[in-house]
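Secondary and tertiary structure notes
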Amino acid sequence: MHNKTAIITGASSGIGKACAFRFASEGWNLVLAARRTEKLTELKEELEAKYHVKVLCLTLDVTNKNSGQTLAEFIEKQAIKPDLLINNAGLAVGLGPFQQGEVNDWERMIDTNIKGLLYISRAIAPIFVEQGYGHIINLGSVAGKEAYPNGNVYVASKFAVDGLTKSMRMDLMPHGIRVSQIAPGAVETEFSLVRFKGDESRANSVYDGFVPLKATDIADAVFYVASTPKHVNINDLVIMPTAQASAMLLKRDA
Ligand code: NDP
Ligand code: 8X3
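Right, let's walk through the structure included here. Predicted model, so just to flag it, every value in this text is computed and none were measured.

**A look at the overall build of the protein chain**
For the protein chain, the count of helices and strands is eight helices and nine strands. By the compact-globule yardstick of 18 Å for 254 residues, the protein chain fits well, its C-alpha radius of gyration being 18 Å. For the protein chain, the spread of C-alpha atoms along the three principal axes comes to 55 × 40 × 35 Å. The 254 residues of the protein chain split such that 48% are buried. Once local pairs closer than 6 in sequence are excluded, the contacts in the protein chain between residues at least 24 apart make up 72%. Accessible surface for the protein chain amounts to roughly 12,400 Å². Of this, 53% is attributable to carbon and sulfur atoms. Positive and negative side-chain charges of the protein chain, numbering 27 and 27 respectively, have mean locations separated by a distance of 4 Å.

What follows is the structure in structure tokens.
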């Protein structure tokens, strides 16, 4: 059996970084992509030293229309045959009433969460089809399952991921390519710091009074989804903290 290789977008932080650790610890080679080169380089050094796997880094902004092509050329040049693409790069920017929304914030979310995922998947899916194997795991969200007040464009972007996951699965199924979605509730990462544009106290308050999911909880699920036998496809996993029952229903300690 060949050593498996996973491509992870948004690997410099949070869920993507936790996935990098989890897959490396299981002997997978990795292609890590994100914008922050230094974080990727540090991660590569740590993973290679600890797990003796091959880790390649690619500085990549998924909002760039050529990002998919750049990634595909990179893996081709390195003679990599990828087994798995984890479409994890994503973000929320802002949380407020639609009628007060910032168009620039909307565009960042749409460009990253929808168009970025499309650019990357469009470039990697044909490689999977040609190989005759491959698996795409998309990071959706509870926000892609139910709307919540002030979520508007982030919600819409994750509904798009939900729909795309289903439709991509139909198109790739005849080729034996698996397509899955993981849809988490609240996970404590840099997500809220990014959403609130660096406002640490507002970001921290999101997780006040309850135990949120950790990035490693989601990485465990991603690894499980990727590790089922070839004839099994986990279509969709919705995962929340025990203290969360829907996007807005949280049990917080007084
Ligand atoms: P983090 O902010 O910790 O990580 C986001 C990652 O995405 C970073 O590595 C960042 O890297 C990368 N990224 C953002 N924009 C781009 C871009 N334009 N090009 C390339 N990479 C990019 O957040 P999470 O780990 O929480 O988020 C990961 C995914 O999980 C997202 O899709 C998010 O929507 C989803 N999610 C998160 C939840 C949560 O509560 N945290 C819940 C449900 C879903 P860099 O800045 O270096 O480019
Ligand atoms: C992130 C979780 O509830 O902020 O997707 O939308 S939430």
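That was the structure; now back to the text.
**Comments concerning the site of ligand 1**
The full set close to ligand 1 counts 28 residues, and S12, S13, R35, Y154 and T189 are the nearest of them. V62 has a polar backbone atom sitting 2.9 Å from a nitrogen atom of ligand 1. V187 is positioned with one of its backbone polar atoms (N or O) 2.9 Å from an oxygen atom of ligand 1. For ligand 1, whose free accessible area comes to 880 Å², the fraction covered by protein is 96%. Breaking the shell around ligand 1 down by element, the ones donating at least two residues are helix 1 (14-25) and helix 5 (152-172). Taken together, the residues of the shell around ligand 1 sort by class into 11 nonpolar, 12 polar and five charged.

**Some thoughts on the site of ligand 2**
The full set of residues close to ligand 2 is S141, V142, A143, Y148, Y154, F191 and R195. Between ligand 2 and the protein, one listed contact pairs an oxygen atom with a side-chain N or O atom of S141 at 2.5 Å. With respect to ligand 2, the side chain of Y148 contributes an N or O atom lying 2.6 Å from an oxygen atom. When ligand 2 sits alone it has 240 Å² of accessible area, and the protein chains cover 83% of it. When its residues are assigned to classes, the shell around ligand 2 shows five nonpolar, one polar and one charged.

Definitions and cut-offs
- Residues numbered from 1 in each chain as written.
- Chains lettered and ligands numbered in written order.
- Predicted model: local features only at pLDDT ≥ 70, side-chain atom pairs only at ≥ 80, totals over all residues.
- Heavy atoms only, no water.
- Helix = DSSP H or I, 4+ residues; strand = E, 2+ residues; numbered from the N terminus.
- Rg over C-alpha atoms; globule rule 2.2 N^0.38 Å.
- Buried < 20%, exposed > 50% of the residue type's maximum accessible area, 1.4 Å probe, protein only.
- Contact = heavy atoms within 4.5 Å.
- Areas by Shrake-Rupley, 256 points an atom, 1.4 Å probe, with all protein chains shown as cover.
- Lys, Arg positive; Asp, Glu negative; His and termini not counted.
- Charge placed at Lys NZ, Arg CZ, Asp CG, Glu CD.
- Near = heavy atom within 4 Å.
- Polar contact = N/O pair within 3.5 Å; in protein donor to acceptor, adjacent residues only side chain to side chain.
- Nonpolar A, V, L, I, M, F, W, Y, C, P; charged D, E, K, R; others polar.

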